[in-house]
Amino acid sequence: MFWMIVIAIVSMSLLSLLSGIGLGIAAKRFHVEEDPLVDRLTNALPATNCGNCGFAGCHAYAQAMSSGNAEINLCMPGGVRTMEELAVLLGVEPKPIGNDPGPRVAFINEALCIGCTACVKACPVDAIVGANKQAHTVIADECTNCDACIKPCPVNCIEMVPVAATVYEWKWQKPAGPVAALPTAA
Ligand code: SF4
Ligand code: SF4
Ligand code: SF4
């Protein structure tokens, strides 16, 4: 009996060792080098993976941009700051973000919330908390402005509300009309 246990332990250890070596060799042999630009573009994106840009996630969007198959202005959660960073990385001109709503966070009207949890499942960054059949709420600091929770709510009690721009988003407003010429020295 003792030797049977020893043999079983030794064979399991050998099997694990051989599997580890096999996996290590396979990982080295079949390793595909990723374009470093894709890594840099991915790192510039919010990592929310909300799919708002029309791609399966941030990495897929980065791959599409690096191969010239996607514009730089599709990531609404990232906003203008991300778009400008992508423009620098790709060496292209910045592009306006269509219908850019500016910085916002989701807000749940808790009086209307029925606690169905649909929004919790839809939120890619776990910014919504709440239990089944209880009012839910948004952790504003975690919300990435992605809109993904709006449609799934069956009672339309979630809205996106603007937040004050931080120093990262704030910009001088463009002048409404032609700028008056400065007086010249006499
Ligand atoms: S919209 Fe932005 S955050 Fe959402 S998946 Fe696309 S790149 Fe990622
Ligand atoms: S709370 Fe809504 S808008 Fe905010 S990150 Fe989650 S899904 Fe997106
Ligand atoms: S989807 Fe709407 S009703 Fe359901 S838990 Fe979220 S906020 Fe409440």
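For the structure itself, look to the data block above.
Within each chain, residue numbers correspond to sequence positions counted from 1 in written order. Naming scheme: in the order in which they are written, chains are lettered from A and ligands are numbered from 1. Confidence filtering applies because this is a predicted model: local features only for residues at pLDDT of at least 70, side-chain atom pairs given and counted only at 80 or more, and all residues used for totals across whole chains, interfaces and linings.

Caption draft 1: Focus on the overall build of the chain. Secondary structure elements are taken from DSSP: a helix is a run of H or I of four residues or more, a strand is a run of E of two residues or more, and numbering for both begins at the N terminus. When you go through the chain residue by residue, the secondary structure sums to 5 helices and 4 strands. Along the chain, from the amino end to the carboxyl end, the secondary structure elements read α-α-α-α-β-α-β-β-β. Once C-beta atoms are placed from the backbone, any two residues with those atoms within 7 Å are in contact. Of all intrachain contacts in the chain linking residues separated by at least 6 positions in sequence, the fraction that spans at least 24 positions is 56%.

Caption draft 2: Main features of the environment of P124. If you trace the backbone, P124 turns up in the loop between α5 (118–122) and β2 (128–129). Between the alpha carbons of P124 and T144 there is a distance of 9.2 Å; along the sequence they are 20 residues apart. With near-sequence residues (within four places) excluded, P124 lies in contact with T48, N49, C50, C146 and A148.

Caption draft 3: A look at unusual backbone geometry. In this model, K133 sits at a positive phi of 65 degrees, which is unusual for a non-glycine residue. Within the secondary structure layout, K133 lies in the loop between β2 and β3 (137–138). You can call K133 exposed: it has 10 C-beta atoms within 10 Å. Within the chain, N156 stands out as a residue other than glycine whose phi angle is a positive 50 degrees. Relative to the elements of secondary structure, N156 occurs in the loop between β3 and β4 (158–162). Once C-beta atoms are placed from the backbone, each residue is buried if 20 or more other C-beta atoms lie within 10 Å of its own, exposed if 12 or fewer, and partly exposed for counts between those two.

Caption draft 4: The site of ligand 2, seen in detail. The criterion for a residue being near a molecule or strand is simple: its C-beta atom, placed using the backbone, must lie within 6 Å of it. Near ligand 2 you find 14 residues, and of these A106, C123, C143, C146 and C149 are the closest. Note that Gly is not counted as nonpolar here; it falls among the polar residues with everything else outside the nonpolar set of Ala, Val, Leu, Ile, Met, Phe, Trp, Tyr, Cys and Pro and the charged set of Asp, Glu, Lys and Arg. Partitioned by chemical class, the residues of the shell around ligand 2 number 11 nonpolar, 2 polar and 1 charged.

Caption draft 5: Here's a closer look at helix α1 (residues 2–29). The span you would expect from a helix comes to 1.5 Å times its residue count less one. The end-to-end C-alpha distance of α1, which contains 28 residues, comes to 41 Å, matching closely the 40 Å that a straight helix rising 1.5 Å per residue would cover. Counting buried residues in α1 gives 0 out of 28 residues, a small share hidden from the surface.

Caption draft 6: Structural view of the nonpolar core. By definition, a nonpolar core groups buried Ala, Val, Leu, Ile, Met, Phe, Trp, Tyr and Cys residues that are joined through C-beta atoms within 7 Å. Residues L45, Y61, M65 and C149 are the most contacted members of the largest nonpolar core, which totals 27 residues. Elements with a minimum of two residues in this core: α2 (36–44), α3 (58–66) and α4 (79–90). The dominant element in this core, judged by the number of residues it contributes, is α3, at 4 residues. Note: domain ranges come from an automatic or database domain assignment. Here this core spans two domains, and each of domain 1 (36–90) and domain 2 (101–170) adds at least three residues to it. The contact partners of M65, leaving out residues within four places of it in the chain, are L41, A70, I72, L86 and L90.

Caption draft 7: Inspection of the environment of A47 at higher detail. You can see A47 is positioned in the loop between α2 and α3. Taking the C-alpha atoms as reference, A47 lies 7.9 Å from G57; in sequence the two are 10 residues apart.

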